[in-house]
Amino acid sequence: MVAKKSGRNRGGGGGGTAAATEVSVEELARVPLQAILLADSFATKFRPITLERPKVLLPLVNVPMIDYTLAWLESAGVEEVFVFCCAHAKQVAEHLENSQWFAQPNFSVTAIESNNAVGAGDALRLIYEQNVIRGDFVLVSGDTVSNMSLAEALGEHKERRRKDSNAIMTMVITQSKTSPTTRQSRLGTDELFMAIDPDTKQLLYYEDKSDKGTVSLDKTLLSDHPSIYLHNDKQDCYIDICSPEVLSTFADNFDYQHLRRHFLKGLLDDDIMGYKIFTHEIQSNYAARIDNFRSYDTVSKDIIQRWTYPLVPDVQFVGNSSAKLDRQGMYRASVVGQSRSAQVGPFTVIGSGTTIGSQSQISNSVVGEGCKIGANVSIEGCYIWHNVTIEDGCQLKHAIVCDGVVIKSGVILEPGVVLSYKVVVGQQFIVPAYSKVSLYQQPIKQDSDEELEYADSSSGFMDASSLSGLPDKLKEESTIQLSESQLQAASEVGSGGVGFIWSTSEGSHEEEWRHSVAPIPAAKLLEIMHTSNNELEVVQQDGNLPPSGELERDSVTANSNDYDDDDVDVKDDYEVFENEVEATFKRALEENIKEDDVILEVNSLRLSYNLATADCSGALFYSMMKSALSAPHPSPSDLVKNAATVITKWKKLLKYYLPSIDEEVGLLISSSDPDEIEVILKFEEMCLESAKEYSTVFVQILHLLYDKDIIQEEAILNWASEKEGADETDKLFVKQAEKFIQWLNEASEEED
Amino acid sequence: MPDVHALVNDFLIKLKRRKIEGSKATAKVTAEVLRSFISQQRLPNTNQAGALIDAVKAVGEQLIAANPVELAVGNVVRRVLHIIREEDLSLTAAAIGGLSLSAGSDDEDDVGHDEHPALSAAAVAAAARSTLRPPSLQTLLEDVPHTAAVPHTSSSGGDSEGKSKSADKNSSTKRLKHNVIEAVNELIQDIVTCHEQIAEQAVEHIHQNEVILTLGSSRTVVEFLCAAKEKKRSFRVFVAEGAPRYQGHTLAKELVTRGLQTTVITDSAVFAMISRVNMVIVGAHAVMANGGVIAPVGLNMVALAAQRHAVPFVVLAGIHKLCPLYPHNPEVLLNELRSPSELLDFGEFSDCLDFGSGSGSPILHVVNPAFDYVPPNLVSLFITDTGGHNPSYMYRLIADYYSANDLVLQRRSAS
């Protein structure tokens, strides 16, 4: 006991993180620090591998991912961890039992199994019901690799909590610039926009949706905060320090599933209970989450480069297998059979019991335990897991090869290939780039919206993947099934090969290179550069007539600091949205749906496309006018009549979107309500482009809108004054409406 | 028993995760863990020493493998093994001595011993020792007190011998363990007090108005300098900051609070300043058998500078830092590469580490070794708790502290 205690006190005399953490833990001794570890990412990014093994157990530089997370939590002073397992829960629980984690002093690991959770929200609700979380806790997923010290972030969190009980969450972020050409971070995630108050570090805005180059901030943010930094160079580490309120929020909002998409956005947009979220930025420490194959590659290389120290291969932070670090980042286990003529290049990890034949070359790769690599094999940038057999003369580039795979002689794996468990590739076969090969057939039906690691109920064979715990009889059946399918599969991967090549679904095919382990080919980069340049030109040409809705956004984003890109095509998204709204509206007309329901549908569309309410009014108005146009109209006056009936009928719908902002900013700028101008601008645009018929009756319609109280006179006047400085061509409609505007002016003067 | 296992496992995990830093702390904890391990170890009636040695070896192998870079662990394990051998030897010597003394009353089968009744216990002990290893210089020099010590224990052993054999077996079990634990306690005490003993010699080395250069921070060096200061020596200290961990800064702070005139310089300024320096005093990570030093990174440069300007290069090292291995031995892991984040902020440089394009291999590499190797010819003097020694004398000192049988401890574990 004596030795132990003194060891504790002396730990990390050189100012290491360990010492600092331990002190803080002692301070917080009253409530043990707890953590929730989600051992399921609720995503399908790692398919087909995850059909057979949960993602958190996949080896990362020869150590299962979850062990990195647990080792970090342990060293960061967490005392109690609840591991939530869902997909392949048995395997995760088994792994935890077999590893040392259950036997650690001062570190308890509890597995919570569930079979019907479909998202992080369900997991947290389940944990909330179990009532095990007593204080602040750390929320991470089982694929996090980090060496950060939690003490500082925890301290900040607690300090804030003391001052303001609404500060319920602290999010850990780190600096990371996205590549200017591909618009994705080094971890393969999409560009992330965050608005942060630089003084309080409060998070005000969070946007990680792809395909969007614009950001719209609520104006109230600017009025509430003296300054706001808008970052696109930060990365979310998915490490959250939460207060128990987070769990209850999830329990209250039973539709929340995704931590960021639902929970975070919900808190930021809807202002639930006034809860606030803050950020903590780490500078030199490492934290990253493995979300896709690209980040698997990147994080593996970071580990080999020792950024995650002490979680590196030559330190036995878990288990007993250790490698020795040779010059130039070569990690070699003690028992490796390497032929004298074999060349093992820099930044390579070779597991124990692996043999390498003569003249073979390995560089920038990770080779697991017990692999047999033949002669004249060249391996570059590959991740080869355990017990893989690679016969003579194969060439592997930037591939992931899972346990038990057999690659017969002369096979060539092109970049980005993923070979799942126990696949056999026949002689001389060339596996095409970015293809994924599995013993299981690709599920035919796929939930396109919800990305789940866990079974689609439609794909029956999923059950076979969690076989390990089931009785043998079932197992046998599945093997019979397999052998049948093997016959079928044989032809797909060469003679003597076993496995199905998964076809990539149409939508993601284009994106395959983004998230693969292979580096992006230079040709692809050039291509992207060209297209983005072209887009830039298009946007610039369009410049004099900004697409509707842009005006307001630009005015806000102009205030932000780190914002430097306008070139990504926003219109796309908006146009899709517009079409959807139009379709919805048409349906509403045909089926006589109630206004409230239409509002609901449009709202959900808005949320899914992530647009402002201003966009809705524009789009709705657009679709109304379209529908009026589609009705028979022999003369312009009939057209006006048509429009009048449509507008009167659906007035309520439009009004719903228009005055909503009016109330909020009423005091400040009611006269220049952007939404109403939006409608006018939209209409103007229509008259110019898609529905020229309206151009003749512009003023009448405008008058109609005014009569029906849809547009206030201030909006029209504002619109007119805004257009004053514009080109002659642009003024076309202002001139048309001159009289009307004049009348309005006089009327308002009279009122005064 | 389970308590000890938990203790050992806990220590193992700490070593593996690099949670214990500094050779002194590690050495102390290692000795303490081994002490409790020995005290709980059940010994068979025959060949107790052998059993104990095997058990300690088994644990020691694990401990060494847990953090092969921290040589202090191996040093302490070998010291403890050596202690067991010594104690066993002195006990057998005592037993033989006791037998030969009581030979007249005891008419049993130990005729072989009776043939040399004139043999004194000390001579037996010395003979036995000489079969194990060459007699240490210390034994040769301090022959008289040694012989005096051995009969002392033997006389007590002889007393119990005459009474009953079974009781003696029991007591000798206990005695071996007891003696070993006593000796390990002394070892722990030595490790704890080595600073003071080294610091006591400070006045002999630091003279009035001298300029001392040191790099990084070492507890031993702080104590050494402060001891000289307390003895009313006035001198100045140059502190090279010791990138990338900049422990020199904390050292400077500490020296200033003790009232020493301190100048902080960058590591790269060492060559420029060395001509004004009278002596270089540094700490070490480990001292190898050939007199070479494994020391914090940057010290080789300082040593070269010192040699160039003929400035004495003095290394302070507690006995737990003496490593009986040679640096060319493949089993010795000389260096540890630490995290690159000590040099660069990961966040700032993350855009240089994008593997998503190009060949997929990183273009930016960071190497952050923890240690340097200073060859013995650059070292002028070692100051240990037993006094000052020349580098070429190190192997002799090591022969005093370690048994030759234990040197290859680790190789056996590997094969």
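Here the structure is a predicted model, which means the values were calculated and not measured.

Visitor: Please clarify how the overall build of chain B should be interpreted in this entry.
Guide: Helix and strand counts for chain B come out as 17 helices and ten strands. Within chain B, buried positions represent 54% of all 415 residues. When contacts within chain B are restricted to residue pairs at least 6 apart in sequence, those whose partners lie at least 24 apart make up 81%. Accessible area for chain B stands at about 18,000 Å²; split by element, carbon and sulfur atoms hold 55% of it.

Visitor: I keep staring at the overall build of chain A and nothing clicks. Help me out?
Guide: Along chain A, the regular secondary structure elements total 26 helices and 35 strands. Looking at chain A as a whole, 55% of its 752 residues qualify as buried. Within chain A, contacts between residues separated by at least 24 positions form 62% of all contacts whose residues are at least 6 apart in sequence. Entry remark: accessible area of chain A is about 32,100 Å², with carbon and sulfur atoms responsible for 49%.

Visitor: Is there a simple way to explain the packing of aromatic side chains in this structure?
Guide: How two aromatic rings sit relative to each other is set out by the distance from centre to centre and by the angle between their planes. Residue and element names in this part refer to chain A. A complete count under the given rule lists eleven aromatic pairs over all chains for this structure. Ring pairs connect the aromatic residues Phe 46, Phe 293, Tyr 296, Tyr 383, Trp 385 and Tyr 421, which therefore count as one cluster. Arg 289 extends its terminal NZ or CZ atom over the ring of Tyr 238, reaching a point 4.5 Å from the ring centre.

Visitor: Looking at this structure, I do not really get the interface of chain B and chain A. What am I missing?
Guide: Interface size is commonly expressed as the accessible area that is lost once the parts come together. Taken together, the contact between chain B and chain A spans 47 residues of the former and 53 residues of the latter. When chain B packs against chain A, the two sides together hide about 4,300 Å² of surface, and 54% of this comes from carbon and sulfur. Linking chain B to chain A there are one salt bridge. Here B:Lys19 ties to A:Glu74 by a salt bridge, and the two come within 3.6 Å at their closest N and O atoms. Inspection of the region where chain B meets chain A yields five residue pairs in polar contact (both at pLDDT 80 or more). Those elements that place two or more of their residues in the side of chain B that touches chain A are helix H1 (2-16), helix H2 (23-40), helix H3 (48-66) and helix H15 (346-349) of chain B.

Visitor: So what exactly am I meant to see when it comes to the nonpolar core here?
Guide: Generally speaking, soluble globular proteins have nonpolar side chains that are buried together. B:Val80, B:Leu213, B:Val280 and B:Phe313 are the most contacted members of the largest nonpolar core, which totals 78 residues. Not counting chain neighbours up to four residues away, the residues in contact with B:Val280 comprise B:Leu213, B:Ile274, B:Val302, B:Ala306, B:Val311, B:Pro312, B:Phe313 and B:Val314. Residues A:Trp101, A:Phe107, A:Val145 and A:Val517 belong to the second largest nonpolar core, which totals 73 residues.

Visitor: How should I be thinking about a negative patch on the surface in this particular structure?
Guide: All names here are of chain A. Residues Asp 218, Asp 224, Asp 269, Asp 270 and Asp 271 make up a contiguous surface patch of negative charge. Topologically, Asp 224 is positioned in helix H7 (residues 219-224). A residue is classified by how much of its surface remains accessible, and Asp 224, at 57% relative accessible area, is exposed.

Visitor: Which parts of the structure should I look at to understand the packing of helix H11 (residues 219-230) of chain B against helix H12 (residues 247-257) of chain B?
Guide: Two numbers describe a pair of packed helices, the interaxial angle and the distance between the axes. Residues and elements named next belong to chain B. Direction vectors running N to C along H11 and H12 enclose 25°, while the axes themselves pass 11 Å from each other. Overall, the two elements H11 and H12 adopt an arrangement that is roughly parallel. The hand of the H11/H12 crossing is right-handed. Contacts between H11 and H12 involve Arg 219, Val 222, Leu 225 and Cys 226 on the former and, on the latter, Leu 251, Glu 254 and Leu 255. Of the residues in the contact of H11 with H12, the class split is five nonpolar, no polar and two charged.

Visitor: It is not clear to me how the confidence of the model for chain A should be interpreted in this structure. Could you clarify?
Guide: It should be kept in mind that the predicted coordinates are not to be read in detail where pLDDT is low. Residue and element names in this part refer to chain A. When pLDDT is averaged across chain A, the result is 76; 77% of the residues are at 70 or more. Note that pLDDT drops below 50 for residues 1-29; the model gives that stretch 41 contacts with residues more than four away or on any other chain. Note on residues 446-484: pLDDT under 50 across the span, and 55 contacts to partners over four residues away in sequence or across chains.

Visitor: Help me understand the packing of helix H8 (residues 244-252) of chain A against helix H9 (residues 259-270) of chain A in this model?
Guide: Residue and element names in this part refer to chain A. Taken N-terminus to C-terminus, the directions of H8 and H9 make an angle of 100°; their axes are 12 Å apart at the nearest point. It follows that H8 is roughly perpendicular to H9 by the angle criterion. For the pair H8 and H9, contact is made by Val 246, Thr 249 and Phe 250 and by Leu 259, Phe 263 and Leu 267, respectively. Of the residues that constitute the contact of H8 with H9, the class distribution is five nonpolar, one polar and no charged.

Visitor: What's the story with the sheet that holds strand S10 (residues 203-207) of chain A in this structure? I'm lost.
Guide: Strand pairing in a sheet relies on backbone hydrogen bonds, with the paired strands running either antiparallel or parallel. All names here are of chain A. Reading across the sheet, the three strands line up as S10-S9-S11 and stay open at both edges, with antiparallel pairing between neighbours. The outermost strands of the open sheet, each flanked by one partner alone, are S10 and strand S11 (229-231). Averaged over all pairs of adjacent strands, the angle between strand axes in this sheet comes to 15°, irrespective of strand direction. Here three bridges tie strand S9 (residues 193-196) to S11, and the two strands are oriented antiparallel to one another. Bridge pairing links Ala 195 to Leu 230 in S11.

Visitor: Explain the side chain of B:Asn75 here, please?
Guide: All names here are of chain B. Summarising the element assignment, Asn 75 is placed in helix H4 (residues 71-101). A distance of 2.9 Å separates a polar atom in the side chain of Asn 75 from the backbone oxygen of His 320. A polar contact of 3.2 Å, which involves the side chain of Asn 75, links it to the backbone oxygen of Leu 322. Contacts of Asn 75, omitting those with residues within four sequence positions, involve His 320, Lys 321, Leu 322, Cys 323, Pro 324 and Tyr 402.

Visitor: Even after reading the chapter, I still don't get the pattern of salt bridges, so can you show me in this structure?
Guide: Where charged atoms of side chains with opposite charge meet at close range, the side chains can pair. Residues and elements named next belong to chain A. In this structure the tally under the stated criterion is 27 salt bridges over all chains. The shortest N-O distance in the salt bridge between Lys 158 and Asp 136 comes to 3.2 Å. Of the two residues, Lys 158 is situated in helix H6 (residues 150-163) and Asp 136 in the loop between helix H5 (120-130) and strand S6 (137-141); the sequence distance between them amounts to 22 residues.

Visitor: I keep staring at the side chain of A:Ser176 and nothing clicks. Help me out?
Guide: Within the element layout of this structure, A:Ser176 appears in the loop between strand S8 (167-175) and S9. A polar contact of 3.0 Å, which involves the side chain of A:Ser176, links it to the side chain of A:Gln235. In this structure A:Ser176 touches A:Ser185, A:Arg186, A:Asn232, A:Asp233, A:Lys234, A:Gln235 and B:Ser350, once residues within four positions along its chain are discounted.

Visitor: For this particular structure, what's the right way to read the environment of A:Ala644?
Guide: As for its placement among the helices and strands, A:Ala644 is situated in helix H19 (residues 636-657). C-alpha of A:Ala644 to C-alpha of A:Gly494: the two residues are 150 residues apart in sequence and 68 Å apart in space.

Visitor: Mind showing me how you'd approach the sheet that holds strand S18 (residues 343-344) of chain A here?
Guide: All names here are of chain A. Reading across the sheet, the six strands line up as S18-S21-S24-S27-S30-S33 and stay open at both edges, with parallel pairing between neighbours. With one partner strand each, in any of the chains shown, S18 and strand S33 (430-431) form the two edges of the open sheet. In the sheet, strand S21 (residues 361-363) pairs with strand S24 (residues 378-380) via three bridges, with the strands oriented parallel. In the sheet register, Gln 361 faces S24, and the bridge partner there is Ser 378.

Visitor: Is there a simple way to explain unusual backbone geometry in this structure?
Guide: In most cases, non-glycine residues show a negative phi, while peptide bonds are predominantly trans. Cis geometry is found at the peptide bond from A:Tyr309 to A:Pro310, where omega equals 5°. Tracing the chain through its elements places A:Pro310 in the loop between helix H10 (293-304) and strand S15 (323-326). Along the chain, B:Ala243 connects to B:Pro244 via a cis peptide bond; the corresponding omega equals 0°. Here B:Pro244 lies in the loop between strand S2 (236-240) and H12. With a phi angle near 55°, A:His88 is a residue other than glycine that sits in the positive phi range. Take A:His88: its relative accessible area is 7%, and that puts it in the buried class. Residue A:Lys422 is not a glycine yet carries a positive backbone phi of 60°. Positionally, A:Lys422 belongs in the loop between strand S31 (418-419) and strand S32 (424-425).

Visitor: Where do I start with the environment of B:Thr30 in this structure?
Guide: The residue B:Thr30 is located in helix H2 in this model. Between the C-alpha atom of B:Thr30 and that of B:Leu225, which follows or precedes it by 195 residues, the distance is 28 Å.

Visitor: Looking at this structure, I do not really get the pairing of strand S9 (residues 381-384) of chain B. What am I missing?
Guide: Regular strands place side chains that alternate from one sheet face to the opposite one. All names here are of chain B. Both strand S7 (residues 313-316) and S9 contribute to a ladder of three bridges, which runs parallel. What sits directly across from Leu 316, in S9, is Ile 383. The sheet contact formed by S9 and strand S10 (residues 387-389) spans three bridges and is antiparallel. The residue bridging Ile 383 from the neighbouring strand is Gly 388, located in S10.

Conventions we followed
Residues numbered from 1 in each chain as written. Chains lettered and ligands numbered in written order. Predicted model: local features only at pLDDT ≥ 70, side-chain atom pairs only at ≥ 80, totals over all residues. Heavy atoms only, no water. Helix = DSSP H or I, 4+ residues; strand = E, 2+ residues; numbered from the N terminus. Buried < 20%, exposed > 50% of the residue type's maximum accessible area, 1.4 Å probe, protein only. Contact = heavy atoms within 4.5 Å. Areas by Shrake-Rupley, 256 points an atom, 1.4 Å probe, with all protein chains shown as cover. Phe/Tyr/Trp six-rings, centres within 6.5 Å; stacked < 30°, edge-to-face > 60°. Lys NZ or Arg CZ within 6 Å of the ring centre and 35° of its normal. Buried area = accessible area lost by both parts, 1.4 Å probe. Salt bridge = Lys/Arg side-chain N within 4 Å of Asp/Glu carboxyl O. Polar contact = N/O pair within 3.5 Å; in protein donor to acceptor, adjacent residues only side chain to side chain. Core = buried A, V, L, I, M, F, W, Y, C linked by side-chain atoms within 4.5 Å. Patch = residues over 30% accessible without salt bridge, like charges linked within 9 Å, V, L, I, M, F, W, Y side chains within 5 Å. Lys, Arg positive; Asp, Glu negative; His and termini not counted. Charge placed at Lys NZ, Arg CZ, Asp CG, Glu CD. Axes fitted to C-alpha atoms, helices over the stretch in contact; angles between N-to-C directions. Parallel < 35°, antiparallel > 145°, perpendicular 65-115°, else oblique. Left-handed = near helix turned anticlockwise from the far one by under 90°. Nonpolar A, V, L, I, M, F, W, Y, C, P; charged D, E, K, R; others polar. pLDDT = per-residue confidence, 0-100. Pairing = 2+ DSSP bridges.

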